[in-house]
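Inside the fold
Take a look at the letters that make up each chain.
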Amino acid sequence: MNDHLRTFTARRQSWFGLKLPVKTALAQPALHPMLRTIAPRIRGLKIGRLPAPIELTEIRGRAGGAEFILVEPFRCEIAKEFYWGRGRRTEPEEAFALDLMVALSADADVFLDIGAYTGVFTMAVLAANDHVRAHLFEIIPAVVAGAEKNIDRNGFGRRVTVHPTGVGSPDTWMKVPTGDGGSALPSFYSSDMRFDSDAEVRFTSLDALLPEVLAEVSDRDPQPPSGEGGPDVSDAEAPRVTVKIDVEGGENDVFAYGQQFLSTLHPDILCEVLDDRAKPRELMGHLGEHGYHYYLVGEDRLYARKTIRPDAHLRDWLFTLKSPEQLRAAGYPVD
């Protein structure tokens, strides 16, 4: 087995073993008053990549008018962004995407966070909507533990179900690293990578989640769908569902095994589409027959598109049944 952690790509990402000591040195408290003054003035520097102070235990974030807490910003790549962004994500398109998901979920019954990392979208959505329930999916054990710490710190334990599983092709398994080592909790592992590890995770399908989602807002027991057609749910009975997907190029597997989920619930979906991994024609095939519109998520607005064409800079897309006119009428900026 070609363990990804032993590849040249992985070793380069760790600066060939130097990343942790360099990051630790830059994270010393004595340096941060100077760093915080100078770094934002350096043109072209992405300050969100700089480490947070090593002694900082938590940071408060804001999105869509709601506040939440993220723990361990030295280890969590997203939490450290909120430190440098003074409560906001540092890249404008990522801050806008988070605000967008919070706004779309304002009246949601259920939120699915697929590829959740430490759960920033879950924290933001639940902080803004007291009635929504969330299902969080993450495959790396140490990252799952980080998400659980955030859930506990925000008091959301009764409203979140944590699934230490992947979503995609059902009944498959993959070996994963525990994620305990390195300079940060890993955020870029995907189902097409191979690892020499004793830890294993299974994958479930989006369709297999449908009974559980329906059971959140009805008296139905979460039983598997019966028959080929699955549960017959009218639009009036269907819960309002929103979904965030960040699976490093595995989104086609999510949708390929989620056709019943899409046709039953028609969720609004925020999905990362990477320009070097995406298969846009296949992706449009999964979404098009359900009547989805495609919007590229920009720094402060949505760009309506007839087709999905991955962008080298902007990674997030909104897939929704809402037309540009309906989104504008609801107050969303659309070009």
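Residues numbered from 1 in each chain as written. Predicted model: local features only at pLDDT ≥ 70, side-chain atom pairs only at ≥ 80, totals over all residues. Heavy atoms only, no water.

**Points about the overall build of the protein chain**
Applied cut-off: Strands are runs of DSSP state E lasting at least two residues, helices are runs of H or I lasting at least four, and both sets are numbered from the N terminus onward. We call a residue buried when its accessible area falls under 20% of the maximum for its residue type, exposed when it is over 50%, and partly exposed in between, using a 1.4 Å probe and counting protein chains only. Throughout, a residue-residue contact means that at least one pair of heavy atoms, one from each residue, lies within 4.5 Å. Using a 1.4 Å probe, accessible areas were evaluated by the Shrake-Rupley method; residue-level cover was limited to the displayed protein chains.
When helices and strands are counted, the protein chain shows twelve helices and 13 strands. Expressed as a percentage of the 335 residues in the protein chain, the buried residues total 51%. Taking the intrachain contacts of the protein chain between residues at least 6 apart in sequence as the baseline, contacts between residues at least 24 apart amount to 69%. Here the protein chain displays about 15,800 Å² of accessible surface, and carbon together with sulfur accounts for 49% of that area.

**Looking at the nonpolar core**
Where we set the bar: Among the buried residues, those of types Ala, Val, Leu, Ile, Met, Phe, Trp, Tyr and Cys that are joined through side-chain atoms within 4.5 Å form a nonpolar core.
Counting residues in hydrophobic clusters, the biggest one holds 57 residues, and the most contacted among them are Phe-68, Leu-70 and Leu-302. For this core, the element with the highest residue contribution is helix α5 (residues 92-104), accounting for seven residues. Not counting chain neighbours up to four residues away, the residues in contact with Leu-302 comprise Phe-96, Leu-100, Tyr-295, Leu-296, Val-297, Leu-318, Leu-327, Pro-333, Val-334 and Asp-335. By size, the runner-up hydrophobic cluster in this structure holds 33 residues, among which are Val-167, Leu-209, Ala-278 and Trp-317.

**With respect to unusual backbone geometry**
Phi at Tyr-117 is positive, roughly 55°, even though this residue is not glycine. Residue position: Tyr-117 is located in the loop between β3 (110-114) and α6 (120-128). Of note, His-266 is a non-glycine position whose phi angle comes to about 50°, a positive value. Note that His-266 resides in the loop between α10 (259-265) and β10 (268-272). With relative accessibility at 28%, the residue His-266 sits in the partly exposed group.

**Brief notes about the pairing of strand β11 (residues 293-297)**
Stated formally: Whether two strands pair comes down to DSSP finding at least two bridges between them.
Within β11, four of the five residues are buried, leaving the element largely enclosed by the surrounding structure. Relative to strand β13 (residues 316-320), β11 is paired through four bridges, and the arrangement is antiparallel. Following the sheet pairing, Leu-296 is matched in β13 by Trp-317. The sheet contact formed by β11 and strand β12 (residues 302-305) spans four bridges and is antiparallel. Opposite Tyr-295, over in β12, you have Ala-304 as the bridge partner. If you look at the hairpin formed by β11 and β12, you'll find four residues sitting between the two strands.

**Brief notes about the side chain of Glu-93**
This is how the line gets drawn: For the purpose of counting charges, residues Lys and Arg are taken to be positive, whereas Asp and Glu are taken to be negative. His and the chain ends are not included. For this analysis, a salt bridge means a side-chain nitrogen from Lys or Arg found within 4 Å of a carboxyl oxygen belonging to Asp or Glu.
Within the secondary structure layout, Glu-93 lies in helix α5. As a buried residue without a salt bridge, Glu-93 has its nearest oppositely charged side chain in Lys-46, at a separation of 5.8 Å. Those residues within four positions of Glu-93 in sequence are excluded, and the remaining contacts are Val-297, Gly-298, Glu-299, His-313 and Leu-314.

**Some thoughts on the confidence of the model for the protein chain**
The predicted coordinates of low-pLDDT regions are not to be read in fine detail. Rules: pLDDT expresses how confident the predictor is about each individual residue, on a scale running from 0 to 100.
This prediction gives the protein chain a mean pLDDT of 87; 83% of its residues lie at or above 70. Here residues 219-228 is modelled with pLDDT under 50, and outside its nearest four sequence neighbours on either side it reaches 14 contacts, counting other chains as well.

**Describing the sheet that holds strand β6 (residues 166-167)**
Spatially, the three strands line up as an open sheet ordered β6-β8-β7, and their pairing is mixed. Looking at strand neighbours, the two that pair on one side only are β6 and β7 (173-176), the edges of this open sheet. As paired strands, β6 and strand β8 (residues 199-204) are joined by two bridges and run parallel to one another. What sits directly across from Gly-166, in β8, is Phe-203.

**Notes on the pattern of salt bridges**
The tally for this structure, following the rule as stated, stands at 16 salt bridges. Across the pair Glu-94 and Arg-315 runs a salt bridge, and its minimum N-O distance is 2.7 Å. Of the two residues, Glu-94 sits in helix α5 while Arg-315 sits in the loop between β12 and β13, which places them 221 residues apart along the sequence. The class for Arg-315 is partly exposed, based on a relative accessible area of 37%. A salt bridge links Lys-322 to Asp-268; the nearest nitrogen and oxygen atoms lie 2.7 Å apart. Within this pair, whereas Lys-322 is found in the loop between β13 and α12 (324-329), its partner Asp-268 is found in strand β10, the two being separated by 54 residues in sequence. Each of Glu-81, Arg-89, Glu-94, Glu-272 and Arg-315 takes part in a single network of salt bridges with overlapping partners.

**Quick look at the packing of aromatic side chains**
To keep things clear, this is the line we draw: Here a Phe, Tyr or Trp ring, Trp counted by its six-membered ring, pairs with any other such ring whose centre lies within 6.5 Å, and the pair is stacked when the planes are under 30 degrees apart, edge-to-face when over 60, and tilted otherwise.
All told, the structure shown has four aromatic pairs when counted by the stated rule. Considering the side-chain rings of Tyr-83 and Trp-84, the 5.2 Å spacing of their centres and the 80° angle between planes classify their relative orientation as edge-to-face. Of the two residues, Tyr-83 and Trp-84, neither departs from the other in class, the shared state being buried. An angle of 70° between the planes, with centres 6.4 Å apart, marks the rings of Phe-255 and Phe-319 as edge-to-face. One end of the pair, Phe-255, is in helix α9 (residues 251-256); the other, Phe-319, is in strand β13, with 64 residues separating them in the sequence. Taking relative accessible area as the criterion, Phe-255 reaches 0% and is therefore assigned buried. Counting every residue linked through ring pairs, the aromatic cluster contains Phe-255, Tyr-294 and Phe-319.

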